[in-house]
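# Observations on the model geometry
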Amino acid sequence: MYARMIEELEDNRYGWISIVILIVGCLGGMTVGLGAIGSTFALISIVVPTMLTLSLLLAVAPMRWIALSAITCTCIDLIFLAYYLL
């Protein structure tokens, strides 16, 4: 399943790049704004994967790396977002 997803990402690279930028950037900013700004640990835990993902996109890295980084970043953001909302 993961290999098929990577193949789809490679076929439509530029469309997926814009989607990943939108999701990762907005979700990271929203998580920081809703509470992570008060904790240095949370801020670092959110900013480092977000910047890594955006840097990989800017560097036109292989989509396998970008997909893994984006999935990891989204999961971290959602965990912190759920923590700060509850």
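Conventions we followed
Residues numbered from 1 in each chain as written. Predicted model: local features only at pLDDT ≥ 70, side-chain atom pairs only at ≥ 80, totals over all residues. Heavy atoms only, no water. Phe/Tyr/Trp six-rings, centres within 6.5 Å; stacked < 30°, edge-to-face > 60°. Helix = DSSP H or I, 4+ residues; strand = E, 2+ residues; numbered from the N terminus. Buried < 20%, exposed > 50% of the residue type's maximum accessible area, 1.4 Å probe, protein only. Expected span 1.5 Å × (residues − 1). Contact = heavy atoms within 4.5 Å. Core = buried A, V, L, I, M, F, W, Y, C linked by side-chain atoms within 4.5 Å.

So, on to the packing of aromatic side chains. Under the criterion given, the structure shown has two aromatic pairs. Centroid distance F80 to Y84: 6.4 Å. Interplanar angle 20°. Geometry classified as stacked. Pair noted here: F80 and Y84 are both in helix α4 (residues 63-85), with a separation of four residues, about one helical turn. Looking at Y84, the relative accessible area reads 25%, which means it is partly exposed. A network of ring pairs unites the aromatic residues F80, Y83 and Y84 as a single cluster.

Our next topic: unusual backbone geometry. Here V60, not a glycine, exhibits a phi torsion of approximately 55°, which is positive. Of the residues examined, V60 reaches a relative accessible area of 54% and is grouped as exposed.

To continue, consider α4. Across its 23 residues, α4 extends 32 Å between first and last C-alpha, which sits within 8% of the 33 Å expected from 1.5 Å per residue. What α4 keeps buried is the set M63, I66, A67, S69, A70, C73, D77, F80 and L81. Residues of α4 that are buried sit in contact with α1 (2-11), α2 (13-33) and α3 (40-58).

Looking now at the nonpolar core. Generally speaking, soluble globular proteins have nonpolar side chains that are buried together. Core analysis: the largest hydrophobic core is formed by 13 residues, its most contacted members being L9, V20, V24, L57 and I66. Broken down by secondary-structure element, the contributors of at least two residues to this core are α1, α2, α3 and α4. The element best represented in this core is α4, accounting for five residues. Here I66 is in contact with R13, L56, L57 and A61, once residues within four sequence places are set aside. If you look at the next biggest cluster of nonpolar residues, it comprises five residues, including V32, A36, A42 and I46.

Such coordinate-based values are descriptive only and should not be taken to indicate function.
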